Amino acid sequence: MGVYGVDTKVSAGILLSLVAVIVVIGVLGFNPFDSDTSLDNGMIGSVNQTENNTNSPNYIFSPTTSLSLIPFSGAYSPSSSSVNPSPGPEPSPDPMEHIISLFDQYINANYNQSLIPGMAVVIVQNDKILYMNCLGVKDLESKEPVDENTLFGICSITKQFAATNIAQLVDKGLMNWKDPITDYYSYPDEFQLYSDEATEQITIHDCLIHRSGLGPESGNDFPTYFNDSYDVALYKLRYLENTTQFRSTYMYNSMVYALPGYCAARVANTEWKDLIKEDLLDPLGMTTATTSYYDFITSSNHVTPYKLLKNGTMKAYDIIPDPIGPSGSMAVSINEMVNWLKFQIADTGEYNGVQIVSKEELDGTRTGKIYTSNKNTSMYGYGWAISNGTIFHDGDSDAFFSQITIYNSKDIGIVILSNGGKYAEGFKVSLNAKFRELLNGNENYDPWISKKSSIDATWKSDLPDTYVPNPQPLSAYTGEYSSNIFGLINITTDSNTLICHYGNNGQAFDLKHWSNTTFEDPTNNHYFNFTDFHDGSAHQVNVTFTFPPENGTFNRTDT
């Protein structure tokens, strides 16, 4: 069902007499989620584009103008559905109704400026949905509207699901938070870090609170850009130096965080995606949630992953997070994220009368275990950040941007799902902040204005300080280059354009000349500086990866 609208039926009985006219009108409201709430009419939306290649349709938007082709959805929020037949005292207004109304107005007033193709938002209090709004389209070509069952990638919000799944095995006595990783990955040829100490001592607990010593998202480009399997990417971690002392500092790292999830799969003698589906997702009624890109992209109701380039192009973009599954591969609809919110807000470990996990272990995932900054105001648990009475986490990739926040004292949770690029990231952050301030009584707070201005100022194509024309024929750059850490890249040409292929990644990325012998991959914001020219060709290329911010030196292999 793509649209929820108020089904208002008006019936009238008219009795005429010589003395008086009596008119009786009855109004009936309909809401499939809650009989005490009604729905405002509107549009909500779909996508079936499965591939990203050089022939993918691109859509050009200006960050300073409205995205007029995307329709708004309707939202639903509590409202009165009947008329009191006799006079009486006015009921006290529900403050949450006012908050929801202002929040809805804020979304609808600013969504067009966010450049987001598709979005879905839900707010739950205890076990009731206060608000659900689906906006935009699943796909810019088909223009099918997003609906409440449309799948979005939730990226790193996956981490809290993976941790809860491990908690289930801890309950059963099959795992322990203090287990060393070498209990599960015992052979050096499959797991080794920068030092013997870190390799031998790192535990499930260490991985889940991001204190491995490796830098922020270090190693994440192995599976992300080169499409390495997790085993191959894990092997490569031995080549990465630590940036902090082991166990000394919180450094967010998805590659390392995924390890405990795969340890759990080894305990259960199955694949992680099957383990979490059977033990956690299905019991929570999250039966359409996916844990692999293939299942997501072949589902009947999903958004197309889009990435907004700095030149204003909205490009269909395959983002394949399967190798780091426990850290970020899940896709879920807003409708089924409701189940997750209800489960977390209840804080019993039960769902629909079934004990999913013990309350003790569930609470353990949501308890702060390491400070995330020097300010000592925010901590990290297992897949949750904890600060000022809230538990929360975001999920960001090149194509998907999500947010979950639960206000413990109010038993209220909000989830925001979106796709589409840097403005989507800024808008979901702004919406989350707006709702927080509305709960605190600050109605005039407007974070989107400054957030959008900041993105406008920075999200534009980089230009060299001094442009130097390309001094070499394109043939001088083509060939295969290798790095001991990253693997292979292959540079080819097509229609007088350099093309880059990263490792096992089947996608081809155009390289645009930037200056002198440096080319840019504008899709991924990578820079290729070709050097060591002799015998008519470059023999080395230095690649600057922007996320994570690492550099790789690749040497020509086809000499």
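Every residue gets a number counted from 1 within its own chain, in the order that chain's sequence is written. In view of the model being predicted, local features appear only for residues whose pLDDT reaches at least 70, and side-chain atom pairs are presented and counted only at 80 or more, with totals across whole chains, interfaces and linings using the full set of residues. Heavy atoms from the whole structure form the basis of all side-chain values; hydrogens and water molecules are not counted.

## Overview of the layout of surface pockets
- Only protein atoms enter the 1 Å grid used here, on which a cavity is any set of points holding a 1.4 Å probe that cannot leave and a pocket is any open set flanked by protein within 12 Å on both sides along at least five of seven lines; residues with an atom within 4 Å of a point are listed as lining. Grid points are joined across faces, edges and corners, and a volume is the space filled by probe spheres set on the points. Taken as a whole, the largest pocket spans an internal volume of roughly 910 Å³.
- Along its surface, the largest pocket is lined by 41 residues, and Asp-396, Ser-397, Asp-398, Phe-401 and Phe-547 are the ones closest to its centre.
- Working definition: helices are DSSP H or I runs of at least four residues, strands are E runs of at least two. Numbering for both runs from the N terminus. When contributions to the lining of the largest pocket are tallied by element, the ones reaching two or more residues are helix H5 (221–226), helix H9 (293–297), strand E9 (306–308), helix H10 (325–328), strand E17 (390–396), strand E18 (400–407) and helix H13 (422–439).
- Among the residues making up the lining of the largest pocket, the classes are represented as 17 nonpolar, 16 polar and 8 charged. Residues were grouped as follows: Ala, Val, Leu, Ile, Met, Phe, Trp, Tyr, Cys and Pro as nonpolar; Asp, Glu, Lys and Arg as charged; and all remaining residues, including Gly, as polar.

## Structural notes on the pattern of salt bridges
- A pair is scored as a salt bridge if a Lys or Arg side-chain nitrogen falls within 4 Å of a carboxyl oxygen belonging to Asp or Glu. Scanning the model with the defined rule gives 18 salt bridges in all.
- Note that Asp-282 and Lys-277 form a salt bridge whose closest N and O atoms lie 3.2 Å from each other.
- Under the scheme applied here, a residue whose accessible area is under 20% of the maximum for its type counts as buried, over 50% as exposed, and between as partly exposed, the area being computed with a 1.4 Å probe on protein chains only. When its relative accessible area of 32% is taken as the criterion, Lys-277 is described as partly exposed.
- Put simply, Arg-436 and Glu-437 hold a salt bridge, and the shortest N to O gap is 3.0 Å.
- Classification of Arg-436 as partly exposed rests on a relative accessible area of 33%.
- In this structure Glu-437 comes out as buried when scored by relative accessible area, which is 15%.
- Three or more residues joined by partner-sharing salt bridges are found here, namely Asp-347, Lys-359, Asp-363 and Arg-366.

## Concerning helix H7 (residues 254–268)
- Here, expected helix span is obtained from the residue count minus one, scaled by 1.5 Å. The end-to-end C-alpha separation of H7 is 22 Å, in line with the 21 Å expected for 15 residues at 1.5 Å each.
- Summarising burial for H7: 12 of the 15 residues are buried, a large majority.
- Along H7, the residues that are buried comprise Ser-254, Met-255, Val-256, Tyr-257, Ala-258, Leu-259, Pro-260, Gly-261, Tyr-262, Cys-263, Ala-264 and Ala-265.
- Each polar contact in these results corresponds to two N or O atoms within 3.5 Å; when the atoms are within protein, one needs to be able to donate a hydrogen and the other to accept it, and residues that are neighboring in sequence are counted only if both atoms are side-chain atoms. Where H7 begins, the side chain of Asn-253 points an oxygen toward the backbone nitrogen of Met-255, at a separation of 3.1 Å.
- Just past H7, the residue Asn-269 takes up positive phi, approximately 55°.

## Here we look at the side chain of Ser-156
- Its place among the elements puts Ser-156 in the loop between strand E8 (151–153) and helix H2 (158–171).
- In this structure Ser-156 comes out as buried when scored by relative accessible area, which is 9%.
- Of the polar contacts made by the side chain of Ser-156, one reaches the side chain of Tyr-252; its length is 3.0 Å.

## A few points about the sheet that holds strand E22 (residues 497–502)
- Following DSSP output, two strands are said to pair if at least two bridges run between them. Strand order in the closed barrel formed by 8 strands is E20-E21-E22-E23-E24-E25-E26-E27, and the pairing between neighbours is antiparallel. Pairs of neighbouring strands in the sheet enclose a mean axial angle of 35°, with direction left out of account.
- Where strand E23 (residues 509–515) lies against strand E24 (residues 518–521), 3 bridges are found, and the strand directions are antiparallel. Bridge pairing links His-513 to Phe-519 in E24. For helices, the fitted line uses only the C-alpha atoms of the stretch in contact; every axis is such a line through C-alpha atoms, and the angle between N-to-C directions lies from 0 to 180 degrees.

## Side note on the pairing of strand E27 (residues 549–556)
- Where strand E20 (residues 479–483) meets E27, 2 bridges bridge the pair, whose relative direction is antiparallel. The partner of Tyr-481 across the bridge, within E27, is Arg-556.
- Two strands pair when backbone bridges link them, and strand E26 (residues 537–546) and E27 are joined in this way by 7 bridges, in the antiparallel orientation. In the sheet register, Thr-544 faces E27, and the bridge partner there is Asn-551.

## Details of the packing of aromatic side chains
- In this analysis, rings of Phe, Tyr and Trp, with Trp reduced to its six-membered ring, are considered paired at centre separations within 6.5 Å, and the interplanar angle assigns stacked below 30 degrees, edge-to-face beyond 60, and tilted for intermediate values. The final tally for this structure, using the stated rule, is 31 aromatic pairs.
- Arranged with centres 3.8 Å apart and planes meeting at 20°, the rings of Phe-161 and Trp-340 form a pair that is stacked. Of this pair, Phe-161 sits in helix H2 while Trp-340 sits in helix H11 (residues 334–346), placing them 179 residues apart in sequence.
- Among the residues examined, Phe-161 registers a relative accessible area of 0% and is labelled buried.
- Ring centres of Phe-222 and Phe-486 lie 5.7 Å apart, and the angle between their planes is 70°; this geometry places the pair in the edge-to-face category. A residue pair is termed long-range when its members are at least 10 positions apart, and Phe-222 in helix H5 and Phe-486 in the loop between E20 and strand E21 (487–494) qualify at 264 residues. Both residues of the pair, Phe-222 and Phe-486, belong to the buried class.

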